[in-house]
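Spelled out from the first residue to the last, the chains are:
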Amino acid sequence: MGGVRVRVPAKVNLQLSVGAARPDGFHDLANVFLAVGLYDEVTVTPADELRITCEGPDTDQVPLNHTNLAARAALALAERYGREPAVHIHIAKDIPVAGGMAGGSADGAAALLACNTLWNAGASRVELLGLCAELGSDVPFSLVGGAALGTGRGERLTALEIGGTFHWVLATAVRGLSTPAVFREFDRLTAGRDIPEPVVSRTLLDALAKADPDALAAAVSNDLQPAALSLFPELAHTLEAGRAAGALTALISGSGPTAAFLTRDLKGALTVAEALRASKTCRTVRTTTAPAPGAQAMA
Ligand code: C5P
């Protein structure tokens, strides 16, 4: 029997408003996700037992055991639908590892979709989204793609209207950042302060719906950015290099350390990318567009 191959996008966060730590340790968010055209491909084939392999840059940092979200997805679906989780999961990685672009979450969503197809499990979209939410806060968005508002810990999604294409430049860093560590740093930096309830920005939603890059650039925000910069101060140089080259805005994606730059058009993106490469303040530089579709099976 053949395998099932699923392509799944990375994300950037256009708004990441973070509330106070909850009793369960998570934070309530107003999280505006945007899927960008950088993809992992996850192929699932029948095997004697559950096993994971990975190819691409930084694969040495990808866990090849049952802590990998792709393995956890296969195990969760198998348990729910009474299947043997006997599959080989192969991940062709292009999304930066530990980069704040939901690469691990993407692999979880992709493996879930691939196993559902391979096993003919028949899980509905709603059931898949529920399983995604159990796997991690960003996993449901990897399944749906496009643009969406995530509330709760980011897992409760509302699809957002997006009126056209946006051009982005993404600069990866020489090392990763751990999401829990960045949230802990956020808690440390905001200790003793009154933290307001996170609320989505109407201006940002309008800019997205109108596909207006200037208005969007003025509206983006990331409450985790000071925490990411506190743990990784050199990122400020990357952000500055992109701004100086004409990016409409420069921000850290999610918990970082990937830096994301919005430009008006492809020409602007190429100029910013070239300047970032020359600046030697980052490891790799990519240009891409958004929105990208969510996880989908490939022919
Ligand atoms: O949901 P996920 O497993 O991706 O979260 C990883 C970690 O990030 C959590 O254990 C928590 O420390 C932090 N987090 C948080 N609030 C959120 C999402 C994640 O504190 N809304």
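Residues numbered from 1 in each chain as written. Predicted model: local features only at pLDDT ≥ 70, side-chain atom pairs only at ≥ 80, totals over all residues. Heavy atoms only, no water.

So, on to helix H1 (residues 69-81). If you check H1, its first and last C-alpha atoms are 18 Å apart, about what 13 residues at 1.5 Å a residue would give, namely 18 Å. By the burial criterion, the buried members of H1 are Leu69, Ala70, Ala71, Ala73, Ala74, Leu77 and Ala78. Lining the buried residues of H1 we find strand E3 (51-55), strand E4 (87-92), helix H2 (103-118), helix H3 (125-135) and helix H4 (139-144). (Helix = DSSP H or I, 4+ residues; strand = E, 2+ residues; numbered from the N terminus. Expected span 1.5 Å × (residues − 1). Buried < 20%, exposed > 50% of the residue type's maximum accessible area, 1.4 Å probe, protein only. Contact = heavy atoms within 4.5 Å.)

Here the focus is the nonpolar core. If you look at the biggest cluster of nonpolar residues, it comprises 67 residues, and the most contacted ones within it are Leu14, Ile89 and Trp168. Take this core: its biggest share by element is nine residues, from H2. Among all residues touching Ile89, those that are not within four sequence positions of it are Val42, Thr43, Val44, Leu50, Arg51, Ile52, Thr53, Ala70, Ala71 and Ala74. Counting residues in hydrophobic clusters, the runner-up holds 28 residues, among them Ala228, Leu239, Ala241 and Val285. (Core = buried A, V, L, I, M, F, W, Y, C linked by side-chain atoms within 4.5 Å.)

Reported here for the largest pocket is a volume of approximately 1000 Å³. Along the walls of the largest pocket sit 43 residues, with Ser105, Asp138, Thr179, Pro180 and Ser255 positioned nearest its centre. Of all the secondary-structure elements, those providing two or more residues to the lining of the largest pocket are strand E1 (4-21), strand E2 (27-46), H1, H2 and helix H5 (179-190). Ranked by residues supplied to the lining of the largest pocket, first place goes to H5 with five residues. Quantified by volume, the second largest pocket comes out at close to 150 Å³. Together, Leu38, Pro57, Asp58, Lys93, Asp94, Ile95, Pro96, Val97, Thr172, Arg283, Thr284 and Arg286 line the second largest pocket. Within the lining of the second largest pocket, the residues separate by chemical class into five nonpolar, two polar and five charged. (1 Å grid on protein atoms, 1.4 Å probe; cavity = no way out; pocket = protein on both sides within 12 Å on 5 of 7 lines; lining within 4 Å. Points joined across faces, edges and corners; volume = space filled by probe spheres on them. Nonpolar A, V, L, I, M, F, W, Y, C, P; charged D, E, K, R; others polar.)

Taken together, the neighbourhood of the ligand is formed by Gly25, Phe26, His27, Leu29, Gly136, Ser137, Arg153, Thr179, Pro180 and Phe183. Protein chains shield 74% of the accessible area of the ligand, which is 450 Å² for the free molecule. Here the element with the most residues in the shell around the ligand is H5; it accounts for three residues. Residues that form the shell around the ligand fall into these classes: four nonpolar, five polar and one charged. (Near = heavy atom within 4 Å. Areas by Shrake-Rupley, 256 points an atom, 1.4 Å probe, with all protein chains shown as cover.)

Let's shift gears to the packing of H1 against H2. Where H1 meets H2, the axes come as close as 7 Å, and the angle between the chain directions of the two elements is 35°. Considering the relative orientation of H1 and H2, their crossing is right-handed. Residue-level contacts link Leu69, Ala70, Ala73, Ala74 and Leu77 of H1 to Gly104, Ser105, Asp107, Gly108, Ala111, Leu112, Cys115 and Asn116 of H2. Residues belonging to the contact of H1 with H2 are distributed by class as follows: eight nonpolar, four polar and one charged. (Axes fitted to C-alpha atoms, helices over the stretch in contact; angles between N-to-C directions. Left-handed = near helix turned anticlockwise from the far one by under 90°.)

Right, let's talk about the pattern of salt bridges for a bit. In the structure shown here, the tally under the stated rule is 12 salt bridges. Measuring nitrogen to oxygen at the nearest pair gives 2.8 Å for the salt bridge that ties Arg22 to Asp24. By relative accessible area, Arg22 is classed as partly exposed at 24%. Through salt bridges with shared partners, a single ionic network connects Arg22, Asp24 and Asp28. (Salt bridge = Lys/Arg side-chain N within 4 Å of Asp/Glu carboxyl O.)

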